[in-house]
Amino acid sequence: MDATNILPILKKRLAFLSGGKDRRSGLILTIPLCTDQTSMEELSSTLDYLLGIPSDKCKARGFTVIVDGRKSQWNIVKTVVLMLQNVIPAEVSLVCVVKPDEFWDKKVTHFCFWKEKDRLGFEVILVSANKLTRYIEPCQLTDEFGGSLVYDHIDWVNKRLVFEKFTKESTSLLDELLVINDSEKSSQLDKERPPDCNFLPSLDPETVLQTGHELLSELQQRRFNGAEGGGVAWSPMDDELLAQPQVMKLLDSLREQYTKYQEVCRQRSKRSQLEDIQTKVMQVVNWLEGPGTEQLRTQWGIGDSIRASQALQQKHEEIESQHSEWFAVYVELNQQIAALLSAGDEEDLVELKGLQQQLSDVCYRQASQLESRQNVLQSAHEFHGTAQDLSQQLDGLLGMLCADVAPADGAAIQQTLKHLEEKLKSVEGALVGLREKGQVLMDQMSNQTSWSYGKDVPIDNKDNVDHIQGVMEDMQLRKQRCEDMVDVRRLKMLQMVQLFKCEEDASQAVEWLGELLDALLKTHIRLGDDSQETKVLLEKHKKFVDVAQSTYDYGRQLLQATVVLCQSLRCSTRSSGDTLPRLNRVWKQFTVTTEERVHRLEMACSFHTAAEKVLVQASPDQGDIPVQVEQETYEEVETVGKALLDRLTVPVIFPDGSEQYFGSPGDMASSAEHIRDKMKLVEDRKLTLHEEDEEEEDIEQLPYQQLQYEQIHDQDEELHNDEELQDDQELHDEELQEVDTELQDGEELELENETDT
C-alpha cells in the first residue's frame, strides 16, 4: 500500500509511529482517539499501512501500542483494542490505554481487559498519562504524553511520500536501465542486429538520483541533529522506519546502472554521430563533385568587355555563395571529426581519418578551382578595364590630333606639344600594362583544369585567348596610327614654333633697330675735338652701321623664313603683318640718320683738319719759322665751320616727313660752342699773324709815329681848353688809347718772340 492512496486518511493522524521505542526496543504505535467518531475502517487502513513500514526484525521485537482515550469514550477504546487483535495480534506485546482522570469505572474497565487477556493475546493496561513513564522512557514519548520526543506528523507524511516516490521511481528506472543495458550488450555481441536506439528510460536518471541524494541527506541530517540534542540517535525517519539502507542500496544500484546507461548513450551517440558524419560527408562530396563542379565547368568565359566581366563576377559570387554553405558544413564536420579522433576508439580512427581525408581533398580541390576562377575573372576585369582606359586615351589623343591647331604663341605650342607627348607616353604605358595583364590572364587560363566526378577535364580557352590577343593587336594598331599622326603633328607644331620664333625674332630685330636709331640720335652726338678723334668716331660709326646692317639683314631673313613656313604650313591667314613695313621704316629712318651723322662727321673732320692746319702751320711753338697760311685755308675753316653750325641746327627729316634732332638742345649747343671756340681760335690766330706783320711795319716807322704822337698830343692840349671842341677831344683820346694798346701789344709780342728765341 502506498501513502499516496490513503494520503487523506494519513493526514487525519488516526495513528502514527513516532519513532519512539519501549524498554524492549519495540516500536511505539500511538492511536490518538478524539471526541469525534473514529472510523474503524480508516483506522484499520492506517494501521495496515503503518505496520507495513518496519522490517521483520523490528516487528519481531513487538509493538507497544498507546491508545490515547482521554478524549474518547470507553466503548470506542474497547473497540480499538479488540481491533488490534485482528490487525496485529502477534506483533502487539503491550497495549497502554491512557484513560482520563476519574472518568471510567476502574473496576469495570480493569475487569473487562483482564477477562479478555487470554483471548486477546497481549496485555492491556489502563494507565493515566502521568504514569505512562513507568512503562516507557520519557524521551521516547511525545510531548502530548509529557515526553521530549519531537514528532511532526505532516513532515513525516511528506517525507514518507518522498521516500515512496523515490523507491517507486528508482525501482522502475533500474528495471528500464537493466533492459536497455542488456539490449545494448546483446547488440554488441551480435553486430548484425541493429540496436534499439529508440528505447529510452521513462524517467530522468539525473532527477531521480538528485531526489534520492536529497532524501538521504535529509535522513542523515535529522539523525545528526538528534544526536546533538543529547538524546538517542533516532528520529521519526529512523532507518528502521524508512529503511535508510534501502535508500542507499537503491542509490548505489541506480548509480551503477546509470553509469552503464551513460556509456550506452555515449556509444549510441558516437555511432549516431559517426553515421550522421558519414551521411553529411557523402552529401558534401556528392554535391561538390556533382552540381558544384558542373557549375564551374560551365562558367569559363571571360567576357568581351568590362561590363560582361562584371556580370561573370556576379554570377561567380552566386556560385561561391552556394559553395560557402557546403564549406560551412565541411568546417563543422571537420571539427566533429577532430573531436571524435581525439576521444575516439581505435576501431573508429581509420574510418574517421578516411572520411576526413576524402572530405578535405574534395573541398580543397573545389576551393582551389573557385579561387582559380576568381583570379581569372579578376584578371579579366582588370584586362578589360585597362583596355577600356587605353581606348579612351587613344580616342582623346586622336581627338587632339584631329583638332585644328591655332595656338596664340610659341609658349602655347610648346605646352600643347608637351601635353601631346605626355598623352602619347601615357598611352604607351597603358599599352604595356595591357600586354602584361593579358599575358597574366592567358597564363592563368592555361593552368585551369576542371574536376568532374574525380577526373581532370581540360578546358578549351582558345576563344578567350584569341579575344585577348585580338584586343591587344587592335590597341597596338590604334596606337601606331596615333604615333604616326603625332609625328606629323609634332613636325607641324615645331614648324609653328619656328614660325613664331621667326616672327618674334623679326620683331626683336625691329626693336633692336629702333634702339640703335634711338641711341644714334641721343648718344652719337659728339663731333670730336680734333680731326683724329673725328676719324675715330667715323670708324666707330661705320662699325655701328655694320651692326645695324646685320640686324636689318637678320630681320629680313627671318621674315623670308616666316613666309616660307607659312607656305609650308598652308597658313594663309598668317603673314609677316606689319613687321616688314616697320622694319623697312625703321631702316630708312636709320639710313637717313646715319647719312646725316656721316655728313656731320665728315664736315667736322674737314673743319678740324683745316683748323688744325691753320693752327699748326701758324704756331711759333713748332720751333721753326711760321709758315705763311694761305687765305683759302682761313676761308675754308670759316666756310666749313659755318656750314657745320648750320647743319647742327637742322633736324633729321625722315622719309615720312617726321623730324628728329640729334641729342638734346644742350648737347647741340655744346657742340656748336666748341666749333665756335675753335673758329674764334683760328680767327685769333689769323689776327695775331696780321698784327705781327703790322708790328714789323710799325718798328720801321717808329720815329715818325713818335713825332706824330707828339703833334697829336700838342693838339690835344690845345683842344682841351676849348669847350666847343670837347667832343673832338674825347674822340682823339680814344684814338690815342688804341694806339697805346697797339704799341703795348707790339712790345709784348716782341718780348714773347725774344723769349721763344
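Going by what an unreviewed UniProt entry lists, the chain is known as SEC14 domain and spectrin repeat-containing protein 1-like and is assigned to Salvelinus namaycush. Here the chain is described in UniProt, under the heading Sequence similarities (unreviewed entry), as follows: "Belongs to the SOLO family."

Caption draft 1: Representation of the packing of helix α2 (residues 40–51) against helix α4 (residues 74–87). For the pair α2 and α4, interaxial distance at closest approach is 11 Å and the crossing angle is 40°. By the criterion of interaxial angle, the relationship of α2 to α4 is oblique. Along this stretch, α2 crosses α4, giving a crossing that reads as right-handed. Residue-level inspection shows Met40, Leu43, Ser44, Leu47, Asp48 and Leu51 of α2 in contact with α4, the latter providing Ile76, Thr79, Val80, Met83, Leu84 and Val87. Looking at the contact of α2 with α4 residue by residue, the classes come out as nine nonpolar, two polar and one charged.

Caption draft 2: Representation of the packing of aromatic side chains. The tally for this structure, following the rule as stated, stands at six aromatic pairs. Centroid distance Phe16 to Tyr151: 4.8 Å. Interplanar angle 15°. Geometry classified as stacked. Here Phe16 is found in strand β1 (residues 16–21), whereas its partner Tyr151 is found in the loop between β5 (123–127) and α7 (153–189), with 135 residues between them in sequence. For the pair shown, Phe16 and Tyr151 are each scored as buried.

Caption draft 3: Geometry of unusual backbone geometry. The phi dihedral of Arg13 is positive, around 60°, even though this residue is not glycine. Within the secondary structure, Arg13 is located in the loop between α1 (7–11) and β1. Backbone geometry places Ser25, a non-glycine residue, at a positive phi of 65°. Within the fold, Ser25 resides in the loop between β1 and β2 (27–32).

Caption draft 4: Quick look at α2. Spanning 12 residues, α2 covers 16 Å between terminal C-alpha atoms, matching the ideal 16 Å at 1.5 Å per step. Within the span of α2, buried status applies to Leu43, Ser44, Ser45, Thr46, Leu47, Tyr49, Leu50 and Leu51.

Caption draft 5: Spatial organisation of the pattern of salt bridges. Enumeration according to the criterion identifies 22 salt bridges in this entry. Glu256 serves as the salt-bridge partner of Lys260, at 3.8 Å between the closest nitrogen and oxygen. On the criterion of helical spacing, the pair formed by Lys260 and Glu256 is a turn pair, its members being four residues apart in helix α10 (residues 244–297). Here Lys260 falls in the partly exposed class, since its relative accessible area comes to 41%. For Glu256, a relative accessible area of 44% puts it in the partly exposed group. Across the salt bridge formed by Lys642 and Glu638, the nearest N and O atoms sit 2.9 Å from each other. Of this pair, Lys642 and Glu638 are both found in helix α17 (residues 631–649), four residues apart, which corresponds to roughly one turn of the helix. Through salt bridges with shared partners, a single ionic network connects Glu428, Lys479 and Glu483.

Calculation notes
Residues numbered from 1 in each chain as written. Predicted model: local features only at pLDDT ≥ 70, side-chain atom pairs only at ≥ 80, totals over all residues. Heavy atoms only, no water. UniProt positions renumbered as here; feature names shortened; annotations may be inferred. Axes fitted to C-alpha atoms, helices over the stretch in contact; angles between N-to-C directions. Helix = DSSP H or I, 4+ residues; strand = E, 2+ residues; numbered from the N terminus. Parallel < 35°, antiparallel > 145°, perpendicular 65-115°, else oblique. Left-handed = near helix turned anticlockwise from the far one by under 90°. Contact = heavy atoms within 4.5 Å. Nonpolar A, V, L, I, M, F, W, Y, C, P; charged D, E, K, R; others polar. Phe/Tyr/Trp six-rings, centres within 6.5 Å; stacked < 30°, edge-to-face > 60°. Buried < 20%, exposed > 50% of the residue type's maximum accessible area, 1.4 Å probe, protein only. Expected span 1.5 Å × (residues − 1). Salt bridge = Lys/Arg side-chain N within 4 Å of Asp/Glu carboxyl O.

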